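# Structural features, examined
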Amino acid sequence: MDSTPLRLETDILILGAGGAGLFAALHAHQANPALDITIAVKGLLGKCGCTRMVQGGYNVALAQGDSIERHFMDTIEGGKWLPDQDLAWTLVTGAIERIHELENELGCFFDRNPDGTIHQKAFAGQTFDRTVHKGDLTGIEIINRLAEQVWSRGIRRLEEHRALDFLLDVEGALAGVLLTDVRTGRYVFVQAKAVLLATGGGPTMYRFHTPSGDKSCDGLAMALRLGLPLRDMEMVQFHPTGLLAGMHTRMTGTVLEEGLRGAGGHLLDGGGVRFMANYDVQAERATRDVVSRAIFTEMRAGRTTPNGGVYLSMGHLGAANVLRQFKGMVERCADCGFDLAAGRVEVVPTAHYMMGGVEFAPDCTTERAGLFVAGEDSGGVHGANRLGGNGVANSTVFGGIAGETMAAWLVSHRAFCEPDPAALEAAIARAEVTFAPGPTTSASALEEMRETLYQAMWDDAGIVRNAQGLSRVEAVLDGLAARLAAFRLPAEARDRAFNLTWHDALNLDNLVSVSRAIVRAAQARENSCGAHHRADFPAPADVASATFTSVRSGGDATLTVTAKPVNFSRVRPGQSLLVHA
Ligand SMILES: Cc1cc2nc3c(=O)[nH]c(=O)nc-3n(C[C@H](O)[C@H](O)[C@H](O)COP(=O)(O)OP(=O)(O)OC[C@H]3O[C@@H](n4cnc5c(N)ncnc54)[C@H](O)[C@@H]3O)c2cc1C
């Protein structure tokens, strides 16, 4: 097949169509309707990504008695003082504007109290009930309304187009992005004056994980290849309650939302004994890292359910009440043979969210001029632990900001850059490697490599880590990288149109690259903090001199990790912004 790429030009190219990407498109369009905006998305716009999967809801300080200062302090303390405070402040203040925009301008309906105010429910790790929601299917409401607005504005869509690599000009300025059209396999070069990275992270390299199937850390791997610094990569959040219904179903690993524990759900070991009070005074309402570690400890001690996890039990809250509050969850559990409303459901911690991502400023700029980032691809908002409900707030708040920043940036940056032909050739060669001549490999080898990755990351770079395990997983990742470089598509899998075997190989390649960054950062942090727990360094770091990790690729496979001091720009450890703290 001709590998010469099709060429397109656009003022703004947005990679990803979740909350971050769609808000960016709408805000850039609002700032300047004359801008040519293109959204490129691996799946179908409105149908893919994790924003659509948001169940629990959206954190915002709206109610009387709550405040942005309280939301901020919860975010900082939940993040173990590692968040960048200016980013966290932007999140909590911007969430108020964004939730009103979602309701009043985009037409989202959220659940209400009898007096007409917005209902806000409890989520773990928060000192106030501030999670806005639509039942337990909040993301569908948000993404449907966003998609309608994007469709109605005539913003160009490249659906089922996968971003492969950023391209620079000969002087190192950003020229655009190389993509492939999944439907045909044809390469497409989109030349753009500004690019937003909003592909949504997503730790799908672990045995149990929650994110959507289209997510394979592509954007983070592209950022690494471009030489951008990624911060907090060791901070992978495990949601404590992934459904555990056996390895034969892909429902295993999908999340049962935090509101269940917030509403009073109990966790029981395999013998039916409630155990969380042994680990934390907040019991089931402790933060995700604490609850996940407690469950993992119970599992390692062998106090497990038939499938090897623990039980979530809601029945004591009244079956009718549970059904009314958590209809979606009850139905999902019933599909797998569990009665959530009145019985017990088997659960296991499941990799859910990456606090780590590209270093960025509150206006969504990165160190590379013309490249912006928002949503789960960005790092620094949540520090060592994200509060449930702060994820979708993050993507929508910063997505909107990115749209405005890009529109403003384009006022003074109007020229296109030509890609360096050698860089374009190298990026295509990279994507083509599976089609290169050589002895072909069975497609099932990919499945086996994926299983190896899942197990190694779960065992040794997951909820509890130590130096030996991290070295072990590092060796596994090196082996996988070498096997992937040698992987050649079998003869029957060389048609490029919807070639899912090819895309599986590309996915795995990106997952292995980003897993390496996680492992390197985890090796460098010799203490325990939030989502990162080192069994060989269980003591927490001194908060007052807290540092975050910053991983950068040297161009080849080598990664360097630097410890950078956290800037306590608004409040120092031991202090609070709350007047009556
Ligand atoms: C099951 C589940 C439940 C959740 N519940 C909550 C909750 O209750 N509250 C909360 O705050 N957060 C929740 N989260 C987290 C929240 O969904 C995310 O933090 C947030 O939606 C991320 O938004 P995003 O725009 O960054 O990414 P996404 O919404 O994931 O969008 C990423 C987009 O990038 C596209 N993409 C990926 N790779 C490429 C590529 N190579 N080229 C082009 N496009 C690409 C994807 O197709 C997708 O369109 C939940 C997550 C999951 C998985």
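See the structure printed just above.
Okay, so let's go over this structure. Here the structure is a predicted model, which means the values were calculated and not measured. (Residues numbered from 1 in each chain as written. Predicted model: local features only at pLDDT ≥ 70, side-chain atom pairs only at ≥ 80, totals over all residues. Heavy atoms only, no water.)

### So, the nonpolar core
Among the nonpolar cores identified, the biggest contains 162 residues, and L15, Y58, F166, M233, L340, F398 and M457 are the most heavily contacted of them. Beyond its immediate chain neighbours, meaning those up to four positions away, L15 contacts A40, A163, F166, V177, L179, V195, L196, L197, A198, T199 and M222. Counting residues in each nonpolar core, the second largest holds 19 residues, with I76, Y353, V566 and F568 among its members. (Core = buried A, V, L, I, M, F, W, Y, C linked by side-chain atoms within 4.5 Å. Buried < 20%, exposed > 50% of the residue type's maximum accessible area, 1.4 Å probe, protein only. Contact = heavy atoms within 4.5 Å.)

### Considering the site of the ligand
Taken together, 40 residues lie around the ligand, and C50, T51, G57, D214 and K215 are the ones closest in. Within the backbone of E376, a nitrogen or oxygen atom sits 2.9 Å from an oxygen atom of the ligand. Compared with its free state, where it exposes 1000 Å², the ligand has 98% of that area covered by protein. Elements with a minimum of two residues in the shell around the ligand: α1 (19-31), β2 (37-41), β7 (161-168), β14 (344-354) and α10 (390-412). With four residues, the single largest contributor to the shell around the ligand is α10. In terms of residue class, the shell around the ligand is made up of 14 nonpolar, 19 polar and seven charged. (Near = heavy atom within 4 Å. Polar contact = N/O pair within 3.5 Å; in protein donor to acceptor, adjacent residues only side chain to side chain. Areas by Shrake-Rupley, 256 points an atom, 1.4 Å probe, with all protein chains shown as cover. Helix = DSSP H or I, 4+ residues; strand = E, 2+ residues; numbered from the N terminus. Nonpolar A, V, L, I, M, F, W, Y, C, P; charged D, E, K, R; others polar.)

### Details of the sheet that holds strand β18 (residues 547-553)
With mixed pairing, five strands are arranged side by side in an open sheet as β17-β15-β10-β18-β19. Two strands lie at the open edges of the sheet, namely β17 (378-379) and β19 (559-565), each paired on one side alone. As paired elements, strand β10 (residues 230-231) and strand β15 (residues 357-359) share two bridges and run antiparallel to each other. Among the inter-strand pairings, R231 is bridged to a residue of β15, identified as G357. (Pairing = 2+ DSSP bridges.)

### Let's talk about the packing of helix α5 (residues 218-226) against helix α14 (residues 500-524)
The interhelical angle for the contact between α5 and α14, taken along N-to-C directions, is 65 degrees, at an axis separation of 9 Å. The orientation of α5 with respect to α14, classified from their angle, is roughly perpendicular. Judged by the twist between their axes, the crossing of α5 over α14 is left-handed. Taking contact as the criterion, the partners of D218, L220, A221, L224 and R225 in α5 are, on α14, N507, N510, S513, V514 and A517. Grouping the constituent residues of the contact of α5 with α14 by class yields five nonpolar, three polar and two charged. (Axes fitted to C-alpha atoms, helices over the stretch in contact; angles between N-to-C directions. Parallel < 35°, antiparallel > 145°, perpendicular 65-115°, else oblique. Left-handed = near helix turned anticlockwise from the far one by under 90°.)

### A closer look at the side chain of Q523
You can see Q523 is positioned in helix α14. In this view, Q523 contacts L470, S471, E474 and R534; residues no more than four positions away in its chain are not counted.

### Some details on the packing of aromatic side chains
What the rule picks out here adds up to eleven aromatic pairs. On the basis of an interplanar angle of 70 degrees and a centroid distance of 6.3 Å, the ring pair of W81 and F568 is categorised as edge-to-face. One end of the pair, W81, is in the loop between α2 (68-78) and α3 (85-105); the other, F568, is in the segment after β19, and 487 residues separate them in sequence. Looking at W81, the relative accessible area reads 9%, which means it is buried. Centroid distance F435 to W502: 5.1 Å. Interplanar angle 75 degrees. Geometry classified as edge-to-face. Here F435 is found in the loop between α11 (421-432) and α12 (444-460), whereas its partner W502 is found in helix α14, with 67 residues between them in sequence. Look at F435 and you get buried, because its relative accessible area is 11%. A relative accessible area of 0% means that W502 is categorised as buried. Here the aromatic cluster, defined as three or more aromatic residues joined through ring pairs, consists of Y206, F208, F238, F296 and W458. (Phe/Tyr/Trp six-rings, centres within 6.5 Å; stacked < 30°, edge-to-face > 60°.)

### Overview of the environment of V182
Tracing the backbone shows V182 in the loop between β8 (174-181) and β9 (187-197). Assessed through its relative accessible area of 8%, V182 is described here as buried. Considering only alpha carbons, one finds V182 and T287, 105 residues apart in sequence, at a separation of 39 Å. In contact with V182, other than residues within four places in its own chain, are E160, H161, R162, R496, A497, F498 and H503.

### Comments concerning α3
Between the first and last C-alpha of α3 there are 29 Å, a value that for 21 residues agrees with the 30 Å anticipated at 1.5 Å per step. At A95, α3 shows its strongest bend, of approximately 35 degrees. Measuring from the backbone nitrogen of D86 back to the side-chain oxygen at the start of α3 gives 3.0 Å, which picks out D84 as the cap. One or two positions beyond α3, positive phi appears at G107, with a value near 90 degrees. (Expected span 1.5 Å × (residues − 1). Bend = angle between axes of the 7 residues up to and from the residue.)

### So, the state of the cysteines
As used here, a disulfide is simply a covalent bond connecting the sulfur atoms of two cysteines. With the rule as written, the count across this model stands at zero disulfides. As a non-bridged cysteine, C336 has C333 as the owner of its nearest cysteine sulfur, 7.2 Å distant. (Disulfide = S-S within 2.5 Å.)

### What to know about the pairing of β2
Successive side chains on a regular strand alternate, one facing one side of the sheet and the next facing the other. With five of five residues buried, β2 is to be regarded as a mostly interior element. On β2, burial covers both faces: I37, I39 and V41 on one face and T38 and A40 on the other are all buried. Handedness of the crossover joining strand β1 (residues 6-15) and β2 through α1 is recorded here as right-handed. As paired strands, β2 and strand β6 (residues 156-159) are joined by four bridges and run parallel to one another. Residue I39 lies in a different strand from β6, and its bridge partner there is R157. (Right-handed = clockwise from strand over helix to strand, strands pointing away.)

### Focus on the pattern of salt bridges
Summed over the entire model, instances satisfying the criterion amount to 37 salt bridges. When the shortest N-O distance is used, the salt bridge between K193 and D11 registers 2.9 Å. Pair noted here: K193 is in strand β9 and D11 is in strand β1, with a separation of 182 residues, a long-range link. For the pair formed by K193 and D11, the shared burial category is buried. (Salt bridge = Lys/Arg side-chain N within 4 Å of Asp/Glu carboxyl O.)

### A closer look at the environment of H119
The residue H119 is located in the loop between α3 and β4 (120-121) in this model. The class of H119 is partly exposed, set by a relative accessible area of 29%. Each C-alpha atom, one on H119 and one on R274, is 30 Å from the other, the two residues being 155 residues apart in sequence. In this structure H119 touches D111, R112, N113, T131, V132 and H133, once residues within four positions along its chain are discounted.

### Concerning the sheet that holds strand β5 (residues 131-132)
Taken in spatial order, the three strands of this open sheet run β3-β5-β4, and their pairing is antiparallel. In this open sheet, the two strands that pair with only one neighbour each are β3 (58-59) and β4. Note: β4 against β5, two bridges, orientation antiparallel. Note on β5: the bridge partner recorded for Q120 is V132.

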